[in-house]
Amino acid sequence: YGGMGLDFSYNIAVAEELGNIRCGGITMAIGVQVGMATPALTRFGSHELKKQFLVPTIAGDFVACLGVSEPEAGSDVASIKTTAVRKGDEYVINGGKMWITSGSQADWMCLLANTSEGPPHRNKSLICLPMNLPGIHIAKKIDKLGMRSSDTAQIFFEDVRVPCKNLIGEEGKGFTYQMLQFQEERLWGAATALIPMETIIQETVEYTRQRKVFGQPVLHNQTVHFRLAELATEVELLRSLLHRAVALYVEGNDVTKFASMAKLKAGRLTREVTDSCLQFWGGMGFTSEVLVSRFYRDFRLMSIGGGTDETMLSIICKYMDILPRK
(Lines give C-alpha, C1' and ligand atoms only; values in the text may rest on other atoms or scores of the structure.)
Protein backbone atom coordinates (compact mmCIF):
# COMPACT_ATOMS: atom_id res chain seq x y z
CA TYR A 1 0.00 0.00 0.00
CA GLY A 2 3.00 2.29 -0.42
CA GLY A 3 4.71 1.72 2.90
CA MET A 4 8.20 0.30 3.41
CA GLY A 5 7.13 -2.83 5.30
CA LEU A 6 9.41 -2.12 8.26
CA ASP A 7 8.70 -3.14 11.84
CA PHE A 8 7.50 -0.78 14.57
CA SER A 9 10.99 -0.01 15.85
CA TYR A 10 11.49 2.14 12.75
CA ASN A 11 8.42 4.20 13.69
CA ILE A 12 10.05 4.92 17.03
CA ALA A 13 13.38 5.79 15.39
CA VAL A 14 11.52 8.32 13.24
CA ALA A 15 9.60 9.63 16.26
CA GLU A 16 12.85 10.23 18.15
CA GLU A 17 14.37 12.07 15.18
CA LEU A 18 11.29 14.26 14.79
CA GLY A 19 12.09 15.52 18.26
CA ASN A 20 14.71 17.70 16.60
CA ILE A 21 11.87 19.87 15.27
CA ARG A 22 11.70 22.87 17.56
CA CYS A 23 7.91 22.76 17.72
CA GLY A 24 5.73 20.07 19.29
CA GLY A 25 2.71 20.63 17.05
CA ILE A 26 4.37 19.43 13.85
CA THR A 27 5.58 16.20 15.42
CA MET A 28 2.15 15.61 16.92
CA ALA A 29 0.41 16.05 13.56
CA ILE A 30 2.74 13.53 11.93
CA GLY A 31 2.17 11.18 14.86
CA VAL A 32 -1.59 11.28 14.37
CA GLN A 33 -1.11 10.41 10.71
CA VAL A 34 1.21 7.44 11.15
CA GLY A 35 0.59 6.15 14.66
CA MET A 36 -2.93 7.03 15.75
CA ALA A 37 -5.40 7.22 12.85
CA THR A 38 -4.00 4.45 10.63
CA PRO A 39 -2.82 1.40 12.66
CA ALA A 40 -6.31 -0.15 12.95
CA LEU A 41 -6.97 0.36 9.24
CA THR A 42 -3.59 -1.21 8.44
CA ARG A 43 -4.24 -4.25 10.64
CA PHE A 44 -7.93 -4.90 10.19
CA GLY A 45 -9.23 -2.91 7.21
CA SER A 46 -10.40 -4.51 3.97
CA HIS A 47 -8.29 -4.34 0.84
CA GLU A 48 -10.78 -1.87 -0.66
CA LEU A 49 -10.62 0.42 2.40
CA LYS A 50 -6.85 0.36 2.36
CA LYS A 51 -6.79 1.32 -1.31
CA GLN A 52 -9.26 4.14 -0.72
CA PHE A 53 -7.84 5.60 2.51
CA LEU A 54 -4.50 4.10 3.49
CA VAL A 55 -2.68 4.44 0.15
CA PRO A 56 -3.23 8.22 -0.21
CA THR A 57 -2.54 8.72 3.51
CA ILE A 58 0.83 6.97 3.28
CA ALA A 59 1.59 8.94 0.09
CA GLY A 60 0.86 12.19 1.93
CA ASP A 61 -2.04 13.11 -0.33
CA PHE A 62 -4.62 12.66 2.48
CA VAL A 63 -4.56 14.07 5.99
CA ALA A 64 -6.07 11.72 8.57
CA CYS A 65 -7.49 12.42 12.03
CA LEU A 66 -8.64 10.25 14.91
CA GLY A 67 -12.18 10.73 16.20
CA VAL A 68 -12.37 9.31 19.72
CA SER A 69 -12.50 12.08 22.35
CA GLU A 70 -15.76 13.81 23.23
CA PRO A 71 -16.58 16.58 25.76
CA GLU A 72 -17.59 13.98 28.37
CA ALA A 73 -15.37 11.13 27.21
CA GLY A 74 -11.67 11.85 26.86
CA SER A 75 -9.57 9.16 28.51
CA ASP A 76 -12.80 7.31 29.38
CA VAL A 77 -13.25 5.90 25.88
CA ALA A 78 -16.05 3.53 26.91
CA SER A 79 -18.30 6.54 27.65
CA ILE A 80 -18.45 8.02 24.14
CA LYS A 81 -21.95 8.95 22.99
CA THR A 82 -21.58 9.30 19.19
CA THR A 83 -23.76 6.74 17.39
CA ALA A 84 -23.60 5.06 14.01
CA VAL A 85 -26.95 3.36 13.37
CA ARG A 86 -27.13 0.88 10.52
CA LYS A 87 -29.88 1.66 7.99
CA GLY A 88 -29.73 -0.56 4.94
CA ASP A 89 -26.22 -0.51 3.57
CA GLU A 90 -25.31 2.71 5.36
CA TYR A 91 -24.48 3.96 8.86
CA VAL A 92 -26.20 7.15 9.98
CA ILE A 93 -23.89 9.02 12.35
CA ASN A 94 -24.94 11.52 15.00
CA GLY A 95 -22.96 13.11 17.81
CA GLY A 96 -19.72 15.01 18.04
CA LYS A 97 -16.01 14.86 18.72
CA MET A 98 -13.75 17.23 20.65
CA TRP A 99 -10.00 18.07 20.66
CA ILE A 100 -9.46 16.45 17.25
CA THR A 101 -5.90 17.03 16.04
CA SER A 102 -5.82 18.05 12.34
CA GLY A 103 -9.63 17.98 12.42
CA SER A 104 -10.21 21.15 10.39
CA GLN A 105 -7.99 20.01 7.50
CA ALA A 106 -8.45 16.21 7.54
CA ASP A 107 -9.63 14.34 4.46
CA TRP A 108 -10.90 11.43 6.55
CA MET A 109 -11.43 10.43 10.15
CA CYS A 110 -10.91 7.10 11.87
CA LEU A 111 -14.16 7.41 13.83
CA LEU A 112 -15.05 5.47 16.96
CA ALA A 113 -18.83 5.28 17.40
CA ASN A 114 -21.45 3.15 19.14
CA THR A 115 -22.97 0.79 16.58
CA SER A 116 -25.25 -1.12 18.99
CA GLU A 117 -26.88 -0.90 22.41
CA GLY A 118 -24.69 -3.62 23.93
CA PRO A 119 -22.05 -3.45 26.69
CA PRO A 120 -19.78 -0.38 26.32
CA HIS A 121 -16.66 -2.41 25.53
CA ARG A 122 -18.40 -4.48 22.84
CA ASN A 123 -20.76 -2.02 21.15
CA LYS A 124 -18.25 0.22 19.41
CA SER A 125 -16.83 0.17 15.90
CA LEU A 126 -14.19 2.03 13.93
CA ILE A 127 -15.33 3.58 10.65
CA CYS A 128 -13.42 5.37 7.87
CA LEU A 129 -15.34 8.62 7.57
CA PRO A 130 -14.69 11.00 4.65
CA MET A 131 -14.75 14.52 6.06
CA ASN A 132 -16.49 16.10 3.05
CA LEU A 133 -19.85 14.40 3.62
CA PRO A 134 -23.06 16.36 4.23
CA GLY A 135 -23.87 16.76 7.91
CA ILE A 136 -20.28 17.13 9.13
CA HIS A 137 -19.83 20.50 10.84
CA ILE A 138 -16.43 21.72 11.98
CA ALA A 139 -17.54 24.04 14.76
CA LYS A 140 -14.27 25.77 15.53
CA LYS A 141 -10.52 25.58 15.66
CA ILE A 142 -9.71 25.50 19.36
CA ASP A 143 -7.37 28.12 20.83
CA LYS A 144 -4.87 26.26 23.03
CA LEU A 145 -2.17 26.87 25.63
CA GLY A 146 0.45 25.02 23.58
CA MET A 147 0.81 23.06 20.34
CA ARG A 148 -0.47 26.25 18.75
CA SER A 149 0.69 25.38 15.22
CA SER A 150 -1.51 22.27 15.26
CA ASP A 151 -5.16 22.74 14.38
CA THR A 152 -7.42 21.11 16.96
CA ALA A 153 -11.11 21.04 16.11
CA GLN A 154 -14.53 20.50 17.60
CA ILE A 155 -16.72 18.56 15.16
CA PHE A 156 -20.42 17.71 15.06
CA PHE A 157 -22.24 15.01 13.06
CA GLU A 158 -25.85 15.42 12.00
CA ASP A 159 -27.37 12.45 10.13
CA VAL A 160 -24.10 11.78 8.33
CA ARG A 161 -24.45 8.80 5.98
CA VAL A 162 -21.48 6.58 5.26
CA PRO A 163 -21.43 3.16 3.52
CA CYS A 164 -21.28 0.14 5.83
CA LYS A 165 -18.32 -1.10 3.79
CA ASN A 166 -16.31 1.69 5.48
CA LEU A 167 -16.34 -0.36 8.70
CA ILE A 168 -12.82 -1.30 9.83
CA GLY A 169 -12.68 -5.00 10.69
CA GLU A 170 -15.62 -6.42 12.63
CA GLU A 171 -18.56 -4.53 14.07
CA GLY A 172 -18.33 -4.28 17.85
CA LYS A 173 -14.54 -4.67 17.95
CA GLY A 174 -13.81 -0.94 17.80
CA PHE A 175 -12.91 -0.55 21.47
CA THR A 176 -10.37 -3.37 21.24
CA TYR A 177 -8.89 -1.99 18.03
CA GLN A 178 -8.63 1.45 19.60
CA MET A 179 -6.82 0.12 22.66
CA LEU A 180 -4.25 -1.47 20.35
CA GLN A 181 -3.83 1.86 18.55
CA PHE A 182 -3.36 3.59 21.89
CA GLN A 183 -0.33 1.49 22.78
CA GLU A 184 1.50 2.56 19.62
CA GLU A 185 0.39 6.16 20.18
CA ARG A 186 1.73 6.18 23.73
CA LEU A 187 5.10 4.73 22.73
CA TRP A 188 5.32 7.27 19.89
CA GLY A 189 4.54 10.11 22.30
CA ALA A 190 7.25 9.04 24.73
CA ALA A 191 9.76 8.80 21.88
CA THR A 192 9.03 12.31 20.60
CA ALA A 193 9.79 13.80 24.03
CA LEU A 194 13.37 12.52 24.38
CA ILE A 195 15.34 14.86 22.11
CA PRO A 196 13.32 17.99 23.07
CA MET A 197 14.17 17.34 26.72
CA GLU A 198 17.84 16.82 25.87
CA THR A 199 17.78 20.00 23.79
CA ILE A 200 16.27 22.05 26.60
CA ILE A 201 18.78 20.72 29.12
CA GLN A 202 21.71 21.49 26.81
CA GLU A 203 20.44 24.98 25.96
CA THR A 204 19.97 25.63 29.67
CA VAL A 205 23.56 24.54 30.32
CA GLU A 206 24.79 26.97 27.67
CA TYR A 207 22.60 29.86 28.88
CA THR A 208 23.43 29.44 32.57
CA ARG A 209 27.13 29.24 31.72
CA GLN A 210 26.88 32.69 30.12
CA ARG A 211 24.40 34.32 32.50
CA LYS A 212 26.01 35.76 35.62
CA VAL A 213 24.30 36.37 38.95
CA PHE A 214 26.11 37.67 42.03
CA GLY A 215 29.39 37.71 40.15
CA GLN A 216 29.47 34.15 38.83
CA PRO A 217 27.76 32.08 36.13
CA VAL A 218 24.45 30.58 37.26
CA LEU A 219 25.74 27.16 36.16
CA HIS A 220 28.50 27.30 38.79
CA ASN A 221 25.93 26.92 41.55
CA GLN A 222 25.91 23.30 42.66
CA THR A 223 22.13 23.24 42.95
CA VAL A 224 21.93 24.12 39.24
CA HIS A 225 24.47 21.75 37.73
CA PHE A 226 23.44 18.88 40.00
CA ARG A 227 19.80 19.38 39.00
CA LEU A 228 20.66 19.36 35.29
CA ALA A 229 22.66 16.15 35.79
CA GLU A 230 19.67 14.56 37.54
CA LEU A 231 17.32 15.52 34.72
CA ALA A 232 19.68 14.16 32.05
CA THR A 233 19.81 10.87 33.96
CA GLU A 234 16.01 10.67 34.07
CA VAL A 235 15.82 11.21 30.30
CA GLU A 236 18.20 8.30 29.71
CA LEU A 237 16.16 6.07 32.01
CA LEU A 238 13.02 6.89 30.00
CA ARG A 239 14.86 6.07 26.77
CA SER A 240 15.86 2.67 28.15
CA LEU A 241 12.29 1.87 29.22
CA LEU A 242 10.99 2.93 25.81
CA HIS A 243 13.49 0.82 23.89
CA ARG A 244 12.76 -2.21 26.06
CA ALA A 245 9.02 -1.84 25.46
CA VAL A 246 9.52 -1.45 21.71
CA ALA A 247 11.78 -4.51 21.51
CA LEU A 248 9.17 -6.62 23.32
CA TYR A 249 6.40 -5.23 21.13
CA VAL A 250 8.26 -6.07 17.92
CA GLU A 251 8.62 -9.64 19.24
CA GLY A 252 4.82 -9.83 19.53
CA ASN A 253 4.38 -9.28 23.27
CA ASP A 254 1.64 -7.33 25.03
CA VAL A 255 3.42 -4.19 26.24
CA THR A 256 0.39 -2.35 27.59
CA LYS A 257 1.97 -2.02 31.04
CA PHE A 258 5.32 -0.77 29.74
CA ALA A 259 3.72 1.57 27.20
CA SER A 260 1.60 3.05 29.99
CA MET A 261 4.67 3.41 32.21
CA ALA A 262 6.59 5.15 29.43
CA LYS A 263 3.68 7.49 28.69
CA LEU A 264 3.28 8.30 32.41
CA LYS A 265 6.99 8.95 32.87
CA ALA A 266 7.24 11.02 29.67
CA GLY A 267 4.34 13.23 30.74
CA ARG A 268 5.73 13.86 34.20
CA LEU A 269 9.34 14.22 33.09
CA THR A 270 8.60 16.76 30.35
CA ARG A 271 6.86 18.87 32.96
CA GLU A 272 9.76 18.46 35.36
CA VAL A 273 12.46 19.23 32.80
CA THR A 274 10.77 22.26 31.26
CA ASP A 275 9.75 23.69 34.63
CA SER A 276 13.19 23.26 36.20
CA CYS A 277 15.04 24.61 33.18
CA LEU A 278 12.69 27.56 32.74
CA GLN A 279 13.42 28.52 36.35
CA PHE A 280 17.15 28.66 35.59
CA TRP A 281 16.48 30.97 32.62
CA GLY A 282 14.91 33.46 35.02
CA GLY A 283 12.92 36.30 33.47
CA MET A 284 14.07 35.34 29.96
CA GLY A 285 12.40 31.96 30.41
CA PHE A 286 9.06 33.69 30.88
CA THR A 287 9.24 35.27 27.43
CA SER A 288 8.15 33.83 24.10
CA GLU A 289 11.61 34.38 22.63
CA VAL A 290 13.21 31.17 23.92
CA LEU A 291 12.55 27.50 23.21
CA VAL A 292 12.14 26.50 26.83
CA SER A 293 8.94 28.54 27.15
CA ARG A 294 7.48 26.98 24.00
CA PHE A 295 8.23 23.45 25.16
CA TYR A 296 6.91 24.32 28.63
CA ARG A 297 3.56 24.98 26.93
CA ASP A 298 3.68 22.35 24.19
CA PHE A 299 4.64 19.35 26.31
CA ARG A 300 2.10 20.04 29.04
CA LEU A 301 -0.19 18.08 26.74
CA MET A 302 1.88 14.91 27.25
CA SER A 303 0.18 14.22 30.60
CA ILE A 304 -3.31 14.73 29.12
CA GLY A 305 -3.54 13.64 25.47
CA GLY A 306 -3.66 9.96 24.58
CA GLY A 307 -4.69 9.09 28.14
CA THR A 308 -4.08 11.11 31.29
CA ASP A 309 -1.47 10.30 33.92
CA GLU A 310 -4.27 9.00 36.12
CA THR A 311 -5.46 6.66 33.36
CA MET A 312 -1.90 5.35 32.91
CA LEU A 313 -1.67 4.70 36.65
CA SER A 314 -4.95 2.78 36.59
CA ILE A 315 -3.71 0.60 33.73
CA ILE A 316 -0.41 -0.08 35.50
CA CYS A 317 -2.26 -0.97 38.71
CA LYS A 318 -4.47 -3.38 36.76
CA TYR A 319 -1.46 -5.19 35.30
CA MET A 320 0.16 -5.30 38.76
CA ASP A 321 -3.10 -6.70 40.19
CA ILE A 322 -3.21 -4.10 42.96
CA LEU A 323 -6.59 -2.50 42.25
CA PRO A 324 -9.26 -2.88 44.99
CA ARG A 325 -11.17 -6.12 44.48
CA LYS A 326 -14.94 -5.85 44.10
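Reading the values: the criteria
Residues numbered from 1 in each chain as written. Predicted model: local features only at pLDDT ≥ 70, side-chain atom pairs only at ≥ 80, totals over all residues. Heavy atoms only, no water. 1 Å grid on protein atoms, 1.4 Å probe; cavity = no way out; pocket = protein on both sides within 12 Å on 5 of 7 lines; lining within 4 Å. Points joined across faces, edges and corners; volume = space filled by probe spheres on them. Helix = DSSP H or I, 4+ residues; strand = E, 2+ residues; numbered from the N terminus. Domains from an automatic or database assignment. Nonpolar A, V, L, I, M, F, W, Y, C, P; charged D, E, K, R; others polar. Phe/Tyr/Trp six-rings, centres within 6.5 Å; stacked < 30°, edge-to-face > 60°. Buried < 20%, exposed > 50% of the residue type's maximum accessible area, 1.4 Å probe, protein only. Lys NZ or Arg CZ within 6 Å of the ring centre and 35° of its normal. Salt bridge = Lys/Arg side-chain N within 4 Å of Asp/Glu carboxyl O. Contact = heavy atoms within 4.5 Å. Buried area = accessible area lost by both parts, 1.4 Å probe. Axes fitted to C-alpha atoms, helices over the stretch in contact; angles between N-to-C directions. Parallel < 35°, antiparallel > 145°, perpendicular 65-115°, else oblique. Left-handed = near helix turned anticlockwise from the far one by under 90°. Core = buried A, V, L, I, M, F, W, Y, C linked by side-chain atoms within 4.5 Å.

Novice: So what's going on with the layout of surface pockets? Residues and values would help.
Specialist: Considering only enclosed or pocket space, the largest pocket measures out at about 970 Å³ in volume. In terms of lining residues, the largest pocket is bounded by 37 residues, among which Met 28, Thr 101, Leu 301, Gly 305 and Gly 306 are the most central. Only helix H2 (24-36), strand E3 (90-101) and helix H5 (174-210) provide two or more residues apiece to the lining of the largest pocket. Element by element, the count of residues in the lining of the largest pocket is highest for H5, at six residues. Two domains each provide a minimum of three residues to the lining of the largest pocket, namely domain 1 (37-169) and domain 2 (176-320). The computed volume of the second largest pocket comes to approximately 780 Å³. In terms of lining, the second largest pocket is formed by 23 residues, of which the most central are Gly 3, Met 4, Leu 6, Asn 11 and Val 34. Those elements giving two or more residues to the lining of the second largest pocket turn out to be helix H1 (8-18), H2, helix H3 (39-44), helix H4 (47-59) and H5. The element that contributes the greatest number of residues to the lining of the second largest pocket is H1, accounting for four residues. Split by residue class, the lining of the second largest pocket holds 12 nonpolar, eight polar and three charged.

Novice: Would you mind going over the packing of aromatic side chains in detail, with residue names and values included?
Specialist: Applying the stated criterion to the full structure yields five aromatic pairs. Each ring, one from Tyr 207 and one from Trp 281, has its centre 4.1 Å from the other, and the planes form 5°; the classification is stacked. Here the residue Tyr 207 occupies a position in helix H5, and Trp 281 occupies one in helix H7 (residues 256-281), the gap between them amounting to 74 residues. Where Phe 295 meets Phe 299, the ring centres are 5.1 Å apart and the plane angle is 80°; that geometry is what we call edge-to-face. For the pair formed by Phe 295 and Phe 299, the shared burial category is buried. A cation over an aromatic ring shows up here: Arg 186 above the ring of Phe 182, its NZ or CZ 4.6 Å from the ring centre.

Novice: Kindly report on the pattern of salt bridges, identifying the contributing residues and their values.
Specialist: Considering all chains together, one arrives at 15 salt bridges under this definition. One connected set of salt bridges, linked through shared partners, spans Glu 16, Glu 198, Glu 236 and Arg 239.

Novice: Describe the domain arrangement of the chain, with residues and values.
Specialist: Under the domain assignment, the chain is made up of domain 1 (37-169) and domain 2 (176-320). Between the C-alpha centres of domain 1 and domain 2 the distance comes to 30 Å. At the interface, 19 residues of domain 1 touch 16 residues of domain 2. Roughly 1,400 Å² of surface becomes buried between domain 1 and domain 2 when both sides are summed, with 64% attributable to carbon and sulfur atoms. Of all residues in domain 1, Arg 43, Ser 75 and Met 147 give up the largest surface area on contact with domain 2, accounting jointly for 35% of the area buried on that side. The tally of links from domain 1 across to domain 2 stands at one salt bridge.

Novice: Residues and numbers for the packing of H5 against helix H6 (residues 222-250), please.
Specialist: Packing of H5 against H6 brings their axes to within 10 Å, and their N-to-C directions diverge by 155°. As the angle between them shows, H5 and H6 are arranged roughly antiparallel. Note that H5 runs across H6; the crossing there is left-handed. Of the residues in H6, those touching H5 at Glu 184, Leu 187, Ala 190, Ala 191, Leu 194, Ile 195, Met 197, Glu 198, Ile 201, Thr 204 and Val 205 are Leu 228, Leu 231, Ala 232, Val 235, Glu 236, Leu 238, Arg 239, Leu 242, Ala 245 and Tyr 249.

Novice: Account for the nonpolar core, naming residues and giving values.
Specialist: Among the nonpolar cores identified, the biggest contains 66 residues, and Leu 41, Ile 168, Leu 187, Leu 228, Leu 242, Val 273 and Cys 277 are the most heavily contacted of them. In terms of residues, this core owes the most to one element, H5, which gives 13 residues. Shared between two domains, this core holds at least three residues of each, these being domain 1 (37-169) and domain 2 (176-320). Not counting chain neighbours up to four residues away, the residues in contact with Val 273 comprise Met 197, Ile 200, Ile 201 and Leu 231. Counting residues in each nonpolar core, the second largest holds 20 residues, with Ile 127, Ala 153, Ile 155 and Cys 164 among its members.

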